[in-house]
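In case you want the letters, here they are:
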Amino acid sequence: MHGTFRFFLATLVMLSHLWWGGPVHIGVASVAVFYMLAGYVVTGLCHRHFPPGRLRAFYAERLLRICPLYFFFLLTVSLWVFATGFGSPVTGIYKAFAHLTIIPLNYAMFGHTGVVRGFAILPTSWSLAVELQAYAILPLIIRSLRAKWIVGVFSLLVFSAASFDLVDSGSWGYRLLPGVFFLFLAGSAMYKSIKSPESADSFDRKFPAICWGWSFILLLVLILMRKTLSTFPTPVMMGLLLGM
């Protein structure tokens, strides 16, 4: 079921890059659902197969699942780009480091990681970098009620600030982990509430509803302010409201 749902979301992302199909960016909304699904799946993995004493095994499993495919496409596309000179590629030590370690690609707005016309060789790899950071943090906090509330509320506040352009909406309301980590936590909480209610705590039972309700209120306010078409957080909220 998850595989089919991921394929559907990936198709929407692809279509959004090929064609702008309406007032709400379906690709951004789909990425938001991807993040919730990632939190749901990772929490399930930790609950069933990777208890606290097996964190190294969890990290190894994630890397072995992600890195071979990433490096295959990175190598394939790199050979084509440099062989054809497409986009007048620009090289550099930091650019190579960023592509090999993935995480810096999420912070392209703060550093020069672009190779082809300012973009990464695999332009959507920034979202993979977001997920890798979430995978690193989630197992460390999902069993701590206090940590989940602190991190979840902080992330929701960052996202709210981005919604009103108090900080850059494209960065902090969509691309950077502090502004979207609440989506991963909402997915994580839904797993425990649905699949493992005996282990669910107050955060798991309440946080998804808080995210949904707060996103609904934010969206109404933004509609009244006529800002829905000018801010990235809007389709993120739509993804949360529909995907949850």
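Look above for the structure.
Below, the structure is looked at part by part. Here the structure is a predicted model, which means the values were calculated and not measured. (Residues numbered from 1 in each chain as written. Predicted model: local features only at pLDDT ≥ 70, side-chain atom pairs only at ≥ 80, totals over all residues. Heavy atoms only, no water.)

Scanning the model with the defined rule gives four salt bridges in all. For Glu61, the salt bridge goes to Arg62, with nearest N and O atoms at 2.8 Å. Overall, the relative accessible area of 8% leaves Arg62 in the buried class. The partner of Lys192 in a salt bridge is Asp204, with the nearest N and O atoms 3.5 Å apart. With Lys192 in helix H8 (residues 177–195) and Asp204 in helix H9 (residues 202–224), this residue pair connects regions lying twelve residues apart in the sequence. The pair formed by Lys192 and Asp204 is uniform in burial state, with each residue classed as buried. Because the salt bridges share partners, they merge into one network encompassing Lys148, Lys192, Asp201 and Asp204. (Salt bridge = Lys/Arg side-chain N within 4 Å of Asp/Glu carboxyl O. Buried < 20%, exposed > 50% of the residue type's maximum accessible area, 1.4 Å probe, protein only. Helix = DSSP H or I, 4+ residues; strand = E, 2+ residues; numbered from the N terminus.)

This brings us to the nonpolar core. Core analysis: the largest hydrophobic core is formed by 63 residues, its most contacted members being Tyr35, Phe181, Phe182, Leu183 and Phe184. Secondary-structure elements contributing two or more residues to this core are helix H1 (2–18), helix H2 (26–48), helix H3 (55–84), helix H5 (125–141), helix H6 (145–163), H8, H9 and helix H10 (233–243). Considering every element that reaches this core, the biggest residue donor is H2, with 14 residues. Those residues in contact with Phe181, other than ones at most four positions away along the chain, are Ala134, Ile137, Leu138, Ile141, Val151 and Ser155. (Core = buried A, V, L, I, M, F, W, Y, C linked by side-chain atoms within 4.5 Å. Contact = heavy atoms within 4.5 Å.)

All right, on to the packing of aromatic side chains then. By convention here, two paired aromatic rings are described through the distance between centres and the angle between planes. Tallied over the entire structure, the rule returns 16 aromatic pairs. The interplanar angle of 70° and the centroid separation of 5.0 Å between the aromatic rings of Trp126 and Tyr174 together place this pair among those described as edge-to-face. Of this pair, Trp126 sits in helix H5 while Tyr174 sits in helix H7 (residues 169–175); the two residues are 48 residues apart in sequence, bridging distant segments of the chain. Each member of the pair, Trp126 together with Tyr174, is buried. Between Tyr174 and Phe232 the ring centres are 5.3 Å apart and the planes differ by 5°, which places this aromatic pair in the stacked class. With Tyr174 in helix H7 and Phe232 in the loop between H9 and H10, this pair connects stretches of sequence that are 58 residues apart. (Phe/Tyr/Trp six-rings, centres within 6.5 Å; stacked < 30°, edge-to-face > 60°.)

Geometric values such as these leave the question of function open.
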